[in-house]
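Observations on chain architecture
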Amino acid sequence: QSQLQESGGGLVQAGGSLTLSCAVYGLAFSTKVLGWYRQTPGKERELVASIGTSGETTYADFVKGRYTISRDDDKRTMSLQMTSLKPEDTAVYYCAAAPYQLSLNLKTNYWGQGTQVTVAS
């Protein structure tokens, strides 16, 4: 089974908030770059946010100022706090970890199974 497991997805009204969590198993969590991706049917999976081993973060322009990514190396979890949600944020959200000490890459990441986020207008 997957070494990453997302939770927290669901249905939320536009303008609302939602927090996604990712539990990581069997990986050297503290040494891995982590991130959240999202994907809608027919589109390429896209990076939403990332967080490095020292807590450095990056955000896609379309979520900047609304989402916050964080990690807890002791609990081996990673979270995505989403606020001011828009219908266009509707997607399957995936937790990801870079293999070894590499950067996040769509083709090489470890992946969770995804969790559906639906934002109603």
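Data block above holds the structure.
Cut-offs applied
- Residues numbered from 1 in each chain as written.
- Predicted model: local features only at pLDDT ≥ 70, side-chain atom pairs only at ≥ 80, totals over all residues.
- Heavy atoms only, no water.
- Disulfide = S-S within 2.5 Å.
- Helix = DSSP H or I, 4+ residues; strand = E, 2+ residues; numbered from the N terminus.
- Salt bridge = Lys/Arg side-chain N within 4 Å of Asp/Glu carboxyl O.
- Phe/Tyr/Trp six-rings, centres within 6.5 Å; stacked < 30°, edge-to-face > 60°.
- Buried < 20%, exposed > 50% of the residue type's maximum accessible area, 1.4 Å probe, protein only.

Quick notes on the state of the cysteines
Under the definition given, this model contains one disulfide. Paired by a disulfide, Cys22 and Cys95 hold their sulfur atoms 1.9 Å apart. Handedness here is read from the sign of the S-S torsion; for Cys22 and Cys95, about -80°, the answer is left-handed. You can see Cys22 sitting in strand β3 (residues 18–24) and its partner Cys95 sitting in strand β9 (residues 91–97), a full 73 residues away along the chain.

A closer look at the pattern of salt bridges
Pairing between side chains of opposite charge can happen when their charged atoms approach one another. A complete count under the given rule lists five salt bridges for this structure. A salt bridge links Asp89 to Arg38; the nearest nitrogen and oxygen atoms lie 2.9 Å apart. Of this pair, Asp89 sits in the loop between β8 (77–82) and β9 while Arg38 sits in strand β4 (residues 34–39); the two residues are 51 residues apart in sequence, bridging distant segments of the chain. The shortest N-O distance in the salt bridge between Asp73 and Arg71 comes to 2.9 Å.

Focus on the packing of aromatic side chains
Following the criterion strictly, the structure yields two aromatic pairs and no others. Ring geometry for Tyr37 versus Trp111: centroids 4.8 Å apart, planes at 70°, classification edge-to-face. A residue pair is termed long-range when its members are at least 10 positions apart, and Tyr37 in strand β4 and Trp111 in strand β10 (residues 110–111) qualify at 74 residues. Looking at Tyr37, the relative accessible area reads 5%, which means it is buried.

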